[in-house]
Amino acid sequence: MLKIAVLVSGGGTNLQAIIDALAEGRITNAKIVRVISNKKDAYALERAQKAGIPAQTVCRSDHPDKESFDGALIKAIDDAGADLVVLAGFLVVLPGELTEKYAGRIINIHPSLIPSFCGKGYYGLKVHEEALKRGVKVTGATVHFVDAGCDTGPIIMQKAVCIEDNDTPEVLQKRVMEQAEWVILPEAIDDIANGRIAVDSSGRVVRKGK
Ligand code: GRF
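Residues numbered from 1 in each chain as written. Predicted model: local features only at pLDDT ≥ 70, side-chain atom pairs only at ≥ 80, totals over all residues. Heavy atoms only, no water.

A. Seen up close, the side chain of Asn108. Its place among the elements puts Asn108 in strand β5 (residues 106-110). For Asn108, a relative accessible area of 12% puts it in the buried group. (Helix = DSSP H or I, 4+ residues; strand = E, 2+ residues; numbered from the N terminus. Buried < 20%, exposed > 50% of the residue type's maximum accessible area, 1.4 Å probe, protein only.)

B. Representation of the packing of aromatic side chains. Following the criterion strictly, the structure yields one aromatic pair and no others. Note on Phe117 and Tyr122: the rings are 6.5 Å apart at their centroids and 55 degrees apart in plane angle, and the pair reads as tilted. Judged by its relative accessible area of 16%, Phe117 is buried. (Phe/Tyr/Trp six-rings, centres within 6.5 Å; stacked < 30°, edge-to-face > 60°.)

C. Up close: the pattern of salt bridges. This model, assessed by the stated rule, comprises 14 salt bridges. Of the charged contacts in the structure, one is a salt bridge between Arg26 and Glu24, with a shortest N-O distance of 2.7 Å. Judged by its relative accessible area of 54%, Glu24 is exposed. Arg196 is the partner of Asp190 in a salt bridge, and the nearest nitrogen-oxygen pair spans 2.7 Å. Taken together, the shared-partner salt bridges connect Asp190, Asp191, Arg196 and Arg207 into one network. (Salt bridge = Lys/Arg side-chain N within 4 Å of Asp/Glu carboxyl O.)

D. Region of interest: the sheet that holds β5. Read across the sheet, seven strands follow the order β3-β2-β1-β4-β5-β6-β7 without closing on themselves; strand pairing throughout is mixed. Every other strand in the sheet has two partners, leaving β3 (55-57) and β7 (155-162) as the edge strands with one partner each. The mean angle between the axes of side-by-side strands here comes to 20 degrees, regardless of whether they run parallel or antiparallel. In the sheet, strand β1 (residues 2-8) pairs with strand β2 (residues 30-37) via seven bridges, with the strands oriented parallel. Of the residues in β2, the one forming a bridge with Ile4 is Ile32. Together, β1, β2, β4 (84-87), β5, β6 (138-145) and β7 form the strand contacts of helix α6 (residues 169-193), whose direction differs from that of β7 by roughly 155 degrees. (Pairing = 2+ DSSP bridges. Axes fitted to C-alpha atoms, helices over the stretch in contact; angles between N-to-C directions. Contact = heavy atoms within 4.5 Å.)

E. Seen up close, the site of the ligand. Inspection of the region around the ligand gives Gly10, Gly11, Gly12, Thr13, Asn14, Gly89, Ile109, Pro111, Met177 and Glu181 as its neighbouring residues. One of the backbone N or O atoms of Asn14 is found 2.9 Å from an oxygen atom in the ligand. Ile109 places a polar main-chain atom, nitrogen or oxygen, 3.2 Å from a nitrogen atom of the ligand. Where the shell around the ligand is concerned, the elements lending two or more residues are α1 (13-23) and α6. Here the residues of the shell around the ligand are counted per class, giving three nonpolar, six polar and one charged. (Near = heavy atom within 4 Å. Polar contact = N/O pair within 3.5 Å; in protein donor to acceptor, adjacent residues only side chain to side chain. Nonpolar A, V, L, I, M, F, W, Y, C, P; charged D, E, K, R; others polar.)

F. Structural context of unusual backbone geometry. The residue after Ile114, namely Pro115, is reached through a cis peptide bond having omega 20 degrees. The topology assignment puts Pro115 in the loop between β5 and α5 (125-134). Despite not being glycine, Asn29 shows a phi value in the positive range, around 65 degrees. Overall, the relative accessible area of 37% leaves Asn29 in the partly exposed class. Positive phi, close to 65 degrees, is recorded for Asp151, a residue that is not glycine. With respect to the element layout, Asp151 can be found in the loop between β6 and β7. With relative accessibility at 12%, the residue Asp151 sits in the buried group.

Written out as structure tokens, the structure is:
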């Protein structure tokens, strides 16, 4: 049974997608053991509570410096006994110590087709604003393993979403969530939980038995 820690900062709709997929049997052989938020008022915490999942906050403002915050974050994940860390809208740059310690065991959902519209500064609505500004006709979402870089880790899964005339960033964000993020994040977790995904020696994600 894969033990998952989900890290959140906001609304937690991706967390909800995982909770629902577990309840409906679309993710098997896994369990969320803890939700960790860096924001005390994140609605994701209420979602965790409603689902009976232990939740805790680790906030930068409760710590004198970044080192102390980073240490508390790593301790929270260690204490949860997590086999897999899922970043589901977690707006914190992970400390190198964490990406090293949990190499190959942290995944992130990003709301674009990496390598487009990703990297430093590309989060939330900004991603969709930039996609619309550039005039791309197709965008989407990506689930990837997390390495020391920003949105640079091996890609696990992607799903494309069409951009429509008159889209606003908000409308596009909602479509990308509904059609891509909430679909591929649970799918990727199910693949990992059931041993269908591995990373080869060149850092490429390979799929077994699919
Ligand atoms: C999602 O768009 C996710 O891709 C991005 O942050 C957003 C989080 O939304 N990393 P939610 O908190 O899961 O509703």
